[in-house]
Amino acid sequence: MSTPEKATRRMDEQEKRDLAVIRQPGPTRFKRATRVDMPAAIRSHDEEGRPRKQSDVLLDIGRQHTLFHGDDGTAYALVDRAVYAVESSAYRETLAKEFLNLTNKGANRNSMADAVTTLAAIAKHRGDRRRVWLRTASADGGIVIDAGHDDRRMIEVSAAGWTWVDQGPMFRRTPGTQALPEPGSPDFGLLWKYVNVAEEHRALVAAWMLAAFRPSGPYPILFLSGEQGTGKSTAARVLRRLIDPSSSLLRTPPKEVRDLLVGALNGWILALDNLSFLGPQLSDALCRISTGGAISERALYTNTDEILIEVQRPVIVNGIEELATRPDLVERGLHIELEVIDGRMPEAAFWRAFESDAPRIFGALIAGLSTAIRDHESIDIGRLPRMADFAQWAAAGIGALGFTAAEFMSAYRDNLDTGMTAGVDSSPVGRALTTFMLARLEWCGTASELLSALTSVASGAENTQAWPRTPRGLSGALRRLAPALRRQGIEIRTERGADRSRARLIRLCSSPEQPSAPSEPSATKPPLDDADGMDGCPPPLHEVEIEL
């Protein structure tokens, strides 16, 4: 056979291997893929003893892995029991290691890029579509938790209890993922040795921890505040170590929405440390991460391509001041003020003691999750709050952590009322409107007239940046403040004037003796003027450039 014929034959054989489809039918459980048309062993040299192209060898290595794509189209590779994004640096390292073991050489950058591009195309267009989870997953009516161990064991929690399992849903891991404690004899009360929370707020912290293990939200945002020396950062580290341990437990304050999104995509718990201010855009983005909603991102190096990313995560935010001042964020939060630490101990001794108690605390959390799985659909907590799913789940499991459902719901409703009051007090429009209505039970007029009236009692607040400059801006501010003002007995309504102009009027009604009941979730935004845009308020979607 001539040399050209041999080359053609080799190309035909390589082409067949490139067209091999790696598929695995059945549920998203770990299984060995059945591979056909695959070489019995990967060869670094051809039949004539010449070195094969590095990209071809890397492709043969990658074809031995199970290639598939996730719900969002991301290409994945299952290597033994580890799941990698094909285009990630971790998977490139896996290919490079196997290539080195085979050839005793390192793969060059261009060959690696060519191989990864082809493997990603196979995974996206010829591989199965499967669900990939991060840290916690749903399975057969229960919850499966990635314990973070090297042996890839998982904790399966059901209404009957919990057990270790070797097979289950597929989990991806971020570079900083660390192992959870081994569940021990339950004793949740040990937690309060390391988190100095007042007794009236402890049920709320316990409820947040139960909710953080749910595979899907909504998740309340845990706001930790307090003066210097109250252990806010330490408390955040302790909580995350019990739910989503990582080599980097806390993140620095985000400067823009992109930073927030990157943090949410690279960890199950998003813990933001030492914040001093939350602007409108970051506040709105946190709302979406808490309860769900797409964040719009412009694809890098494009002018018109758009990527909509929807991510839900449990969030911890700590800072000296109360950071949740916008009512929509307040309603999604648990507001915890930490107490001053009386006695201190060396940090090394603190963490040694915590590591000793962590298994028993974690064991109590697992017991609470089992109870929540069993009872969350049947428990009756009365009138449902805004985050009804969270409230039912927490109330169902809180008994295993040393609290009653009634204690939790009472603390939760009181916390919401306190947060709403703080939201009004922190808003210049809210303060002016409260002052304005002290001397009257009712007022009716146009948005322009109300803006003029509020300016007269603003006591200098009208000169701040947060003060609305136009009637439309005032309407937007009232829309945001309406739920909090309703809790304080001030109702905002709109109506049409009786004259020929049919002007849209705003009616304020005050009933301080009998404050109106908290609104249902669907009534949190009263129908103000349809033309009242978001003047002075952030747009619903934020466009930033991000490299995905």
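Note that the structure is predicted; figures quoted are calculated from it, not measured.

1. Brief notes about the overall build of the protein
A count of helices and strands for the protein gives 15 helices and 20 strands. With 548 residues in all, the protein has 51% of them scored as buried. Roughly 26,000 Å² of accessible area belongs to the protein as shown, and the carbon and sulfur atoms make up 48% of that amount.

2. Observations regarding the packing of aromatic side chains
Inspection of the entire model under this criterion finds 14 aromatic pairs. When the ring of phenylalanine 188 is compared with that of tryptophan 192, the centres are 5.7 Å apart and the planes differ by 85°; the resulting orientation is edge-to-face. Residue classification places phenylalanine 188 among the buried positions, given a relative accessible area of 3%. Judged by relative accessible area, tryptophan 192 falls into the buried class, the value being 15%. Between tyrosine 194 and phenylalanine 350, the ring centres sit 5.4 Å apart and the planes meet at 85°, which makes this aromatic pair edge-to-face. With a gap of 156 residues between them, tyrosine 194 in the loop between strand E10 (170-172) and helix H5 (199-212) and phenylalanine 350 in helix H10 (residues 347-375) connect regions that are remote in the sequence.

3. A closer look at the pairing of strand E19 (residues 504-510)
Across the 7 residues that make up E19, a large majority, 6, are buried. In the sheet, strand E17 (residues 442-445) pairs with E19 via 4 bridges, with the strands oriented antiparallel. Looking across to E19, one finds that glutamate 442 is bridged to cysteine 509. In the sheet, strand E18 (residues 490-496) pairs with E19 via 7 bridges, with the strands oriented antiparallel.

4. A short note on the confidence of the model for the protein
The pLDDT averaged across the protein works out to 83; a share of 82% of its residues lies at or above 70. When the criterion is pLDDT under 50, residues 6-12 qualifies, and its contacts beyond four places in sequence or with other chains add up to 6 contacts. Segment residues 513-548: pLDDT under 50, and 92 contacts once partners within four positions in sequence are set aside and those in other chains are kept.

5. What to know about a negative patch on the surface
Among the surface-exposed residues, Glu199, Glu200, Glu339 and Asp342 lie close enough to one another that they form a single negatively charged patch. Structurally, glutamate 200 is set in helix H5. Glutamate 200 gets classed as exposed once you look at its relative accessible area, which sits at 53%.

6. Re the state of the cysteines
Summed over all chains, the structure comprises 0 disulfides. Among the cysteines around cysteine 444, which has no disulfide bond, cysteine 509 carries the closest sulfur, lying 8.6 Å off. Of the residues examined, cysteine 509 reaches a relative accessible area of 15% and is grouped as buried.

7. Considerations on the nonpolar core
Phe188, Leu191, Trp208, Met209, Phe408 and Tyr412 are the most contacted members of the largest nonpolar core, which totals 71 residues. Top contributing element to this core by residue count: H10, with 12 residues. Excluding residues within four positions of it along the chain, methionine 209 makes contact with Phe188, Leu191, Leu239, Leu242, Ile243 and Leu365. Leu260, Leu278, Leu286 and Val429 belong to the second largest nonpolar core, which has 50 residues in total.

8. Points about the environment of threonine 94
Tracing the backbone through its elements, the reader meets threonine 94 in helix H3 (residues 89-103). Given a relative accessible area of 14%, threonine 94 falls into the buried group. For threonine 94 and tyrosine 84, which are 10 residues apart along the polypeptide, the C-alpha to C-alpha distance reads 9.2 Å. Those residues in contact with threonine 94 that lie beyond four places of it in its chain are Val79 and Tyr84.

9. Overview of the side chain of serine 246
As for its position among the elements, serine 246 is in the loop between helix H6 (232-241) and helix H7 (257-265). Using a relative accessible area of 11% as the deciding quantity, one classes serine 246 as buried. A polar contact of 3.4 Å, which involves the side chain of serine 246, links it to the backbone oxygen of glycine 176. A distance of 3.2 Å separates the side chain of serine 246 from the backbone nitrogen of serine 248, its partner in a polar contact.

About the thresholds
- Residues numbered from 1 in each chain as written.
- Predicted model: local features only at pLDDT ≥ 70, side-chain atom pairs only at ≥ 80, totals over all residues.
- Heavy atoms only, no water.
- Helix = DSSP H or I, 4+ residues; strand = E, 2+ residues; numbered from the N terminus.
- Buried < 20%, exposed > 50% of the residue type's maximum accessible area, 1.4 Å probe, protein only.
- Areas by Shrake-Rupley, 256 points an atom, 1.4 Å probe, with all protein chains shown as cover.
- Phe/Tyr/Trp six-rings, centres within 6.5 Å; stacked < 30°, edge-to-face > 60°.
- Pairing = 2+ DSSP bridges.
- pLDDT = per-residue confidence, 0-100.
- Contact = heavy atoms within 4.5 Å.
- Patch = residues over 30% accessible without salt bridge, like charges linked within 9 Å, V, L, I, M, F, W, Y side chains within 5 Å.
- Salt bridge = Lys/Arg side-chain N within 4 Å of Asp/Glu carboxyl O.
- Lys, Arg positive; Asp, Glu negative; His and termini not counted.
- Charge placed at Lys NZ, Arg CZ, Asp CG, Glu CD.
- Disulfide = S-S within 2.5 Å.
- Core = buried A, V, L, I, M, F, W, Y, C linked by side-chain atoms within 4.5 Å.
- Polar contact = N/O pair within 3.5 Å; in protein donor to acceptor, adjacent residues only side chain to side chain.

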